[in-house]
Amino acid sequence: MKLILTDCPLDSCLSLPGDVTWMDLSALQIRNCVGCFGCWTKTPGRCVIRDDAVKVYPLIAQSDKLLYVSRVKYGGYDTIMKTMLERAIPVQQAFLRILDGETHHVQRAVAPKQATILAYGPTSPEEQALFRRLVDRNARNMSFESWRVVFCPEEQVDARVKEEVDAWAES
Amino acid sequence: MGGIIILNGSPRAPRSNSKGYAQLFARYSALPTSYFEITGSNHPQLCAGLEDCKHVLLVFPLYADGIPVTLLNFLKSLEQSSLKNRPVISALINCGFLEPHQCDVAADMIRLFCAQNGYPAGSILKIGSGEAILESPFRFLAAGSVKKLARSIAREEYGAFQTTMPLSKGMFLSASTKYWLSLGRKNGVTQQQMQSMEIEP
Ligand SMILES: Cc1cc2nc3c(=O)[nH]c(=O)nc-3n(C[C@H](O)[C@H](O)[C@H](O)COP(=O)(O)O)c2cc1C
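All values reported here derive from a predicted model rather than from experimental measurement. (Residues numbered from 1 in each chain as written. Chains lettered and ligands numbered in written order. Predicted model: local features only at pLDDT ≥ 70, side-chain atom pairs only at ≥ 80, totals over all residues. Heavy atoms only, no water.)

**Student:** Outline the packing of aromatic side chains, listing residues and values.
**Tutor:** Applying the stated criterion across every chain yields a total of 9 aromatic pairs over all chains. Between A:Tyr74 and B:Phe113, the aromatic rings sit 5.2 Å apart at their centres with planes inclined by 85°, giving edge-to-face as the arrangement. Pair noted here: A:Tyr74 is in the loop between β3 (65-73) and β4 (76-77) and B:Phe113 is in helix α4 (residues 104-117), and the two residues belong to different chains. B:Phe113 matches A:Tyr74 in its accessibility class, with the two residues each being buried. An angle of 70° between the planes, with centres 5.9 Å apart, marks the rings of A:Phe131 and A:Phe151 as edge-to-face. (Phe/Tyr/Trp six-rings, centres within 6.5 Å; stacked < 30°, edge-to-face > 60°. Helix = DSSP H or I, 4+ residues; strand = E, 2+ residues; numbered from the N terminus. Buried < 20%, exposed > 50% of the residue type's maximum accessible area, 1.4 Å probe, protein only.)

**Student:** Would you mind going over the side chain of B:Gln102 in detail, with residue names and values included?
**Tutor:** Examined against the element boundaries, B:Gln102 turns out to sit in the loop between β4 (88-94) and α4. For B:Gln102, the residues in contact, after removing those within four places along its chain, are A:Glu102, A:Thr103, A:His104, A:Arg137, B:Leu62 and B:Phe97. (Contact = heavy atoms within 4.5 Å.)

**Student:** Got a sec to walk through helix α1 (residues 17-28) of chain B? Specific residues and values, please.
**Tutor:** All names here are of chain B. For α1, spanning 12 residues, the distance from its first C-alpha to its last is 17 Å, which sits close to the expected 16 Å at 1.5 Å a residue. What α1 keeps buried is the set Asn17, Ser18, Gly20, Tyr21, Ala22, Leu24 and Phe25. Looking at the buried side of α1, the elements it contacts are β1 (4-8), β2 (33-37), β3 (55-61), β4, β5 (121-127) and α5 (139-154). (Expected span 1.5 Å × (residues − 1).)

**Student:** Any chance you could break down unusual backbone geometry for me, citing the residues and the numbers?
**Tutor:** Unlike most non-glycine residues, A:Phe37 shows phi in positive territory, near 60°. Inspection of the secondary structure assignment puts A:Phe37 in the loop between β2 (20-24) and α1 (38-41). Overall, the relative accessible area of 17% leaves A:Phe37 in the buried class. The phi torsion at B:Glu156 lies on the positive side, around 55°, for a residue other than glycine. Mapped onto the secondary structure, B:Glu156 falls in the loop between α5 and β6 (160-163).

**Student:** Which residues make up the site of the ligand, and what are the values?
**Tutor:** Residues in close proximity to the ligand total 21 residues, the closest being B:Ser10, B:Asn17, B:Ser18, B:Asn94 and B:Glu131. Around the ligand, the nearby residues trace back to chains A and B. Contact between the ligand and B:Ala64: a nitrogen atom at 2.9 Å from a main-chain N or O atom of the residue. The protein chains hide 96% of the 650 Å² of surface that the ligand would expose on its own. Considered class by class, the residues forming the shell around the ligand number 9 nonpolar, 8 polar and 4 charged. (Near = heavy atom within 4 Å. Polar contact = N/O pair within 3.5 Å; in protein donor to acceptor, adjacent residues only side chain to side chain. Areas by Shrake-Rupley, 256 points an atom, 1.4 Å probe, with all protein chains shown as cover. Nonpolar A, V, L, I, M, F, W, Y, C, P; charged D, E, K, R; others polar.)

Right, dumping it as structure tokens:
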């Protein structure tokens with residue numbers, strides 16, 4: 001399954017190939033994770049907050065090709081994308097395993113992913129390096145088998161998304 | 001002037017580990033401290049309060065490898081505020097995993113915020129196994145490192161510190177399994193249920 005999550009509406013996503021699912025997070029109601037760990041210890045695999053996030057994390061789990069489109073803030077994802085990523089922990093179990101010599105959570109039924117992160121907005125080289133380090137860490141917790149970060153100005157986001165979708169179609 | 005404002009950036013601040021670390025910090029700090037919890041609606045008051053302090057300590061958990069949205073949103077408000085004062089910003093980050101270095105990216109996000117907005121960056125303390133260390137026999141290690149952090153800020157000799165439980169990864173895995181199973185048991189949830197591979201069943 002191919003999934004695009006964006007933090008803004010995009011024209012380039014209005015006519016996508018049938019095998020690509022797009023969610024514009026800015027159009028959804030997604031509250032902050034409250035850190036209750038209910039998704040691990042009360043209703044395993046289900047978030048106790050029953051808002052739109054519960055439609056999104058199963059899609060994240062199923063996807064094997066993933067495109068995240070997010071504004072960058074302080075070297076990380078800006079609020080809209082970060083809120084969703086925090087709400088996605090029901091896809092993991094409470095239990096730990098060792099991965100790359102570090103402790104990480106056991107994943108539930110999460111497909112290994114080829115992830116592309118389209119990171120937009122003004123960024124310095126230092127901020128870009130930090131963002132890449134963040135995605136490298138995410139890779140271990142979010143089942144990214146491979147990942148790529150593409151930085152671009154806001155006005156180029158649509159064009160870049162189209163390029164990524166075309167590349168998926170050709171692969 | 002001269003005091004330290006401690007801001008708790010955990011989304012579950014009133015019952016958070018961050019609150020426990022903040023309490024330890026207040027106990028060891030030679031400078032007077034005041035403690036506040038960041039909510040979705042108190043940013044203007046918190047920003048105004050920073051006008052009169054010399055130091056800020058951000059205490060927060062690692063969330064999805066970075067800073068939690070609760071704190072991210074506050075930093076964005078601080079950036080937009082018309083604060084004239086530029087207190088030194090230090091951070092105490094705790095993470096669930098054993099390795100404190102998993103907090104490095106979040107620490108650098110705080111440093112980047114400081115650099116982008118003209119705030120002097122102070123000390124950083126990273127605590128691995130931060131979900132459990134306060135209730136474990138290794139609480140004294142956490143307390144010791146918080147003491148070091150407090151001293152470095154009071155003396156203005158800023159540095160980076162870290163601590164974690166001195167356990168092998170295998171032992172930490174078994175200890176954490178026991179910990180999570182006990183939380184599940186309190187809710188009447190079995191190990192098998194917790195190990196479900198289903199998402200939104
Ligand atoms: C949504 C969410 C995401 C988390 N992400 C991470 C992570 O990426 N790495 C980590 O080591 N711990 C992670 N944790 C664990 C917390 O950092 C840990 O439980 C911490 O002790 C919570 O501190 P607090 O009680 O002050 O909020 C996460 C917890 C939650 C709820």
